[in-house]
Amino acid sequence: MTIARIETADALLNAGITGFVNILNDANITSYKCGNNYVEFDISILENFHHYYFDYFANRYKELLSHTFIVTKGKDFLYKKEWDDKTIEDWNKYIERAKKNLKSNSYLAAYKMMSCTEVDLVEMEKKLKKLKLKKNQTVSDSDIQNEIHEQIHYLQTIIDFLEKEEVEKYILAKNIAYTIIDNFWGGVSFLHKSSTTADIFEEYKKYFIDPIKLYYEEDHTKDKYVCFISNTPIKKLSKPHAYDMAWLTKMGVDMSRKTSHFWNLQSNTCYISPLINFIYSCIPAGFTFMNDQGYFVNCNSSVEALTRLNNNHEMYVIKSDDNIQLLEARTYYQLIDFMENQKHKKAKYEIDNIQVIKFSNTDNKTDNFRPYTYNVLSKDKLEVIKRHQKSLNNMINRVVKMGDGSYLRIYQNVMERLYSNKNQFDLIGLLCRTNLPSKAEEPIRSNRLLLDIVYLNNSFIGTIIQNQKEKEDGSMSDYYSYVRRETIAYMENAGRKLAYNYKVRNASNKLGGITYRLLNALKTKDTGKFMDTFINAHLYAAREGELIIPPQMTEALTDEDKLQTLGYAFVLGLRSGLSPKGDKKEEEENE
């Protein structure tokens, strides 16, 4: 037996360890040992790892791959009994995408790897065509029907061939290489420009696995170099004995050309061993990834925590109708459950300042492209997420079209401010000035979403107050409701009531100017200007015997955070106040 041991370290190595364990678990390999901060295994389990590697991605991301689209969507047309104009339109969209994939470089490379050649997909792809109706022609015409039957025959031939085991194996592997893996690393192994037609599985084995076997066969007692990650001895500073990190996306430099990056132009301290090199190749399997974005929770209290939080059963299989924000939110809730589990009671008090590493490849063409961002998620922030779990779920998929034509994703912006320890007031003010849609097309009919952000921000401010008080006198108090929730709801309803009074006086046209002045005062934290506008607006609309000024607003006179919290709640009510009590459904939601 030859036992290899890898210990947790930086976030990306931890992502690689997590990916390695995920791949083994997916292959039902259990002959490895996980400690709190290490994984041990006999290197014999790597014998077929080059197949397990691609199988893992195929099992988890199959729905997102073009091979699955061609086969699954194509079968809808094969089994379609009656065609109409809408079917023709769908067919043409499908054919355009399918033909593009079938003749892409990755597919052409996969064809050359396969021994199965009974169908020439290059020629068969050329026979697939869009269907066009001539003037006054209908789908039921015999000419169109004959053309449909002919196209269905070609498509049937293609799908039958794509579903053959060897064909599916190589095409899925190529899909995975360029859809997922290429985002995290490239330029070596099967992603090297000279290996495009070589066997993708053998290329991975030759570059990442075989050097590990060679390493453990050698004597290292006299080695004078060490791996700067694992501190294990290295015989030579050249492949296959040692590797640089230039192949990881934006994470290293070519040490044969960029010696000026290192002290005294010597780069011999920045090489990694074959085992670390192999573990880094598993980084894509540690991240949850889709649509050029991914994330990894670096909860490094144990390897079990890493794998559990980054690979829970609810999101193991990534579906085409999922999105990265939904999967991220599920992980946070999983993290909360983990911390509250009695089995991990000790961890609840030990886990703090958890890193959330986000990967984005959307700006990879810019010179200052940086794929990884590192955010800190403390226990206090997790508590805020827990308290507002339903609200955060409602923010997912909500977008706002800005004046410059760009789209603002509400969930993403709320979470970014939470990560960065910033309040949400600037976002609330921005959204108050924008015609806020519910999804991409539907206008929102209530203030519920914005009010949810106000409540969440109120909890966040409370955590800051709590932490300050704990540092000052060591006391433990619940400050999560910095401003009482009832007070915020009262001010929102006061805004509705004022708007209703203006409506009764046929003066609704004045509300736009009032709202504008109030928002400007809140943006500049000008208490005097806000109160001046606030009081004058009430004096104009007040009816005889009515209380003019809501007494709750006095809380804001000496506190800028309370001014903005209560002020924005009031403005939200003012914007949507159609009746003194507001919308009945929304009132029930508030309760």
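All values derive from a computational prediction rather than experimental measurement.

The rules we used
Residues numbered from 1 in each chain as written. Predicted model: local features only at pLDDT ≥ 70, side-chain atom pairs only at ≥ 80, totals over all residues. Heavy atoms only, no water. Helix = DSSP H or I, 4+ residues; strand = E, 2+ residues; numbered from the N terminus. Buried < 20%, exposed > 50% of the residue type's maximum accessible area, 1.4 Å probe, protein only. Contact = heavy atoms within 4.5 Å. Areas by Shrake-Rupley, 256 points an atom, 1.4 Å probe, with all protein chains shown as cover. Pairing = 2+ DSSP bridges. Axes fitted to C-alpha atoms, helices over the stretch in contact; angles between N-to-C directions. Core = buried A, V, L, I, M, F, W, Y, C linked by side-chain atoms within 4.5 Å. pLDDT = per-residue confidence, 0-100. Salt bridge = Lys/Arg side-chain N within 4 Å of Asp/Glu carboxyl O. Expected span 1.5 Å × (residues − 1). Polar contact = N/O pair within 3.5 Å; in protein donor to acceptor, adjacent residues only side chain to side chain. Left-handed = near helix turned anticlockwise from the far one by under 90°. Phe/Tyr/Trp six-rings, centres within 6.5 Å; stacked < 30°, edge-to-face > 60°. Lys NZ or Arg CZ within 6 Å of the ring centre and 35° of its normal. Nonpolar A, V, L, I, M, F, W, Y, C, P; charged D, E, K, R; others polar.

*Asks:* Help me understand the overall build of the protein in this model?
*Replies:* Per the secondary structure count, the protein includes 24 helices and eleven strands. Looking at the protein as a whole, 50% of its 591 residues are labelled buried. Partitioning the contacts of the protein with sequence separation of at least 6, the portion at a separation of at least 24 is 72%. Accessible surface, the protein: about 29,400 Å² in total, of which carbon and sulfur atoms supply 46%.

*Asks:* Mind showing me how you'd approach the sheet that holds strand β3 (residues 38–42) here?
*Replies:* Neighbouring strands of a sheet are bound in pairs by backbone hydrogen bonds; such pairs are parallel or else antiparallel. With respect to topology, three strands assemble into an open sheet ordered β1-β3-β2, the strand pairing being antiparallel. Looking at which strands have only one partner, the edges of the open sheet turn out to be β1 (3–7) and β2 (32–34). Pairs of neighbouring strands in the sheet enclose a mean axial angle of 15°, with direction left out of account. As paired strands, β1 and β3 are joined by five bridges and run antiparallel to one another. When the bridges of β3 are listed, arginine 5 appears paired with glutamate 40.

*Asks:* Mind showing me how you'd approach the nonpolar core here?
*Replies:* The nonpolar side chains of soluble globular proteins are, as a tendency, buried together. If you look at the biggest cluster of nonpolar residues, it comprises 183 residues, and the most contacted ones within it are Phe20, Phe49, Trp185 and Phe278. Top element by residues in this core is helix α8 (residues 165–184). It accounts for ten residues.

*Asks:* Which parts of the structure should I look at to understand the confidence of the model for the protein?
*Replies:* Low-pLDDT portions of the prediction should not be read for the details of their coordinates. A residue-level look at the protein finds 85% of positions with pLDDT of 70 or above and a mean pLDDT of 85. Model confidence for the protein, summarised as mean pLDDT per element, is weakest for helix α24 (residues 584–590) at 43 and strongest for helix α10 (residues 274–280) at 97. Per-residue pLDDT stays below 50 along residues 437–445; that stretch engages in 17 contacts with residues further than four places along the chain or on separate chains.

*Asks:* Honestly, the environment of leucine 335 in this entry has me stumped. Any pointers?
*Replies:* Following the sequence through the fold, leucine 335 ends up in helix α13 (residues 324–340). The exposure class of leucine 335 is buried, given its relative accessible area of 1%. As a C-alpha pair, leucine 335 and arginine 308 span 27 residues in sequence and 8.9 Å in three-dimensional space. Aside from chain neighbours lying at most four places away, what touches leucine 335 is Val297, Cys299, Leu309, Ile354, Leu377 and Leu382.

*Asks:* In this structure, what is going on with the pattern of salt bridges? I would like to understand it.
*Replies:* Where charged atoms from two side chains of opposite charge approach closely, those side chains can pair. All told, the structure shown has 21 salt bridges when counted by the stated rule. Across the pair glutamate 40 and arginine 5 runs a salt bridge whose closest N-O atoms are separated by 2.9 Å. Of this pair, glutamate 40 sits in strand β3 while arginine 5 sits in strand β1, placing them 35 residues apart in sequence. The partly exposed category is assigned to glutamate 40, whose relative accessible area is 22%. Using a relative accessible area of 37% as the deciding quantity, one classes arginine 5 as partly exposed. Linked through salt bridges whose partners overlap, the residues forming this network are Arg5, Glu7 and Glu40.

*Asks:* So what exactly am I meant to see when it comes to helix α1 (residues 11–26) here?
*Replies:* Spacing of three or four residues puts side chains on the same side of an α-helix, whose turn is 3.6 residues. Taking 1.5 Å per residue, 16 residues should reach 22 Å; α1 reaches 22 Å between its end C-alpha atoms and fits that length. Of all the 16 residues making up α1, 14 are buried; the element is thus mostly covered by neighbouring parts of the structure. Measuring from the side-chain oxygen of the N-cap residue of α1 to the backbone nitrogen of leucine 12 gives 3.1 Å; that N-cap residue is aspartate 10. The first or second residue beyond α1 is asparagine 28, which carries a positive phi of 60°.

*Asks:* Is there a simple way to think about the environment of alanine 98 in this case?
*Replies:* Looking at the element boundaries, alanine 98 is found in helix α4 (residues 85–102). Between the C-alpha atom of alanine 98 and that of isoleucine 70, which follows or precedes it by 28 residues, the distance is 5.9 Å. Ignoring anything within four residues of it in the chain, the contact list for alanine 98 reads Phe69 and Ile70.

*Asks:* How do you make sense of the packing of helix α20 (residues 485–504) against helix α23 (residues 560–576) when you look at a structure like this?
*Replies:* Helix-helix packing: each pair is described by the crossing angle between the helix axes and the interaxial distance. Axis separation between α20 and α23 bottoms out at 6 Å; the angle between their running directions is 35°. Remark: the crossing between α20 and α23 carries right-handed chirality. Facing Thr487, Ile488, Met491, Glu492, Ala494, Gly495, Arg496, Leu498 and Ala499 of α20, the residues of α23 in contact are Thr565, Leu566, Ala569, Phe570, Leu572, Gly573, Leu574 and Ser576.

*Asks:* Explain unusual backbone geometry here, please?
*Replies:* It is generally the case that most residues other than glycine have a negative phi and that most peptide bonds are trans. Cis geometry is adopted by the peptide bond preceding proline 240, which originates at lysine 239 and carries an omega value of 5°. In this fold, proline 240 is placed in the loop between β5 (233–234) and α10. Backbone geometry places asparagine 231, a non-glycine residue, at a positive phi of 65°. Tracing the backbone through its elements, the reader meets asparagine 231 in the loop between β4 (225–226) and β5. Its identity as a non-glycine residue notwithstanding, lysine 250 has a phi of 55°, on the positive side. Examined against the element boundaries, lysine 250 turns out to sit in the loop between β5 and α10.

*Asks:* What is the right way to read the packing of aromatic side chains from this model?
*Replies:* Each pair of aromatic rings is reported with the distance of its centres and the angle of its planes. Tallied over the full model, the rule gives 42 aromatic pairs. Taken together, a centroid distance of 4.4 Å and an interplanar angle of 25° make the contact between phenylalanine 184 and phenylalanine 359 stacked. Within this pair, whereas phenylalanine 184 is found in helix α8, its partner phenylalanine 359 is found in strand β8 (residues 354–360), the two being separated by 175 residues in sequence. With a centroid separation of 4.8 Å and an interplanar angle of 65°, the aromatic rings of phenylalanine 534 and phenylalanine 570 are classed as edge-to-face. Within this pair, whereas phenylalanine 534 is found in helix α22 (residues 527–541), its partner phenylalanine 570 is found in helix α23, the two being separated by 36 residues in sequence. Taken individually, phenylalanine 534 and phenylalanine 570 each receive the classification buried, so the pair is uniform in this respect. When the ring centre of phenylalanine 201 is taken as reference, the NZ or CZ atom of lysine 169 above it lies at 4.7 Å.

*Asks:* Would you take a moment to explain the side chain of histidine 67 for this structure?
*Replies:* Positionally, histidine 67 belongs in helix α3 (residues 66–78). If near-sequence neighbours (up to four positions away) are discounted, histidine 67 is found in contact with Tyr107, Leu162, Glu168, Ile171, Leu172 and Asn175.

*Asks:* Looking at this structure, I do not really get the packing of helix α5 (residues 105–113) against α8. What am I missing?
*Replies:* The contact between α5 and α8 brings their axes to 9 Å, and the two run at 140°. In this structure, α5 crosses over α8, and the sense of that crossing is right-handed. Seen from α5, the contacting residues are Ser106, Tyr107, Ala109, Ala110, Tyr111 and Met113; seen from α8, they are Tyr170, Ile171, Lys174, Asn175 and Tyr178. Its residues assigned to classes, the contact of α5 with α8 comprises eight nonpolar, two polar and one charged.

*Asks:* Would you mind showing me how to read the side chain of asparagine 277 here?
*Replies:* Mapped onto the elements of the fold, asparagine 277 is located in helix α10. Once residues lying within four places of it in the same chain are set aside, the contact partners of asparagine 277 are Tyr207, Phe208, Tyr243, Asp244, Trp247 and Ile272.

*Asks:* In this structure, what is going on with the sheet that holds strand β6 (residues 288–290)? I would like to understand it.
*Replies:* Here we have four strands laid out as an open sheet, ordered β6-β7-β8-β9, and antiparallel in their pairing. Edge positions in the open sheet fall to β6 and β9 (372–377), since each of these has one partner strand only. This sheet shows a mean twist of 15° between the axes of neighbouring strands, independent of strand direction. As defined by bridge partners, β6 adjoins strand β7 (residues 293–298) across three bridges and the pair is classed as antiparallel. If you follow methionine 290 over to β7, its bridge partner there is glutamine 293.

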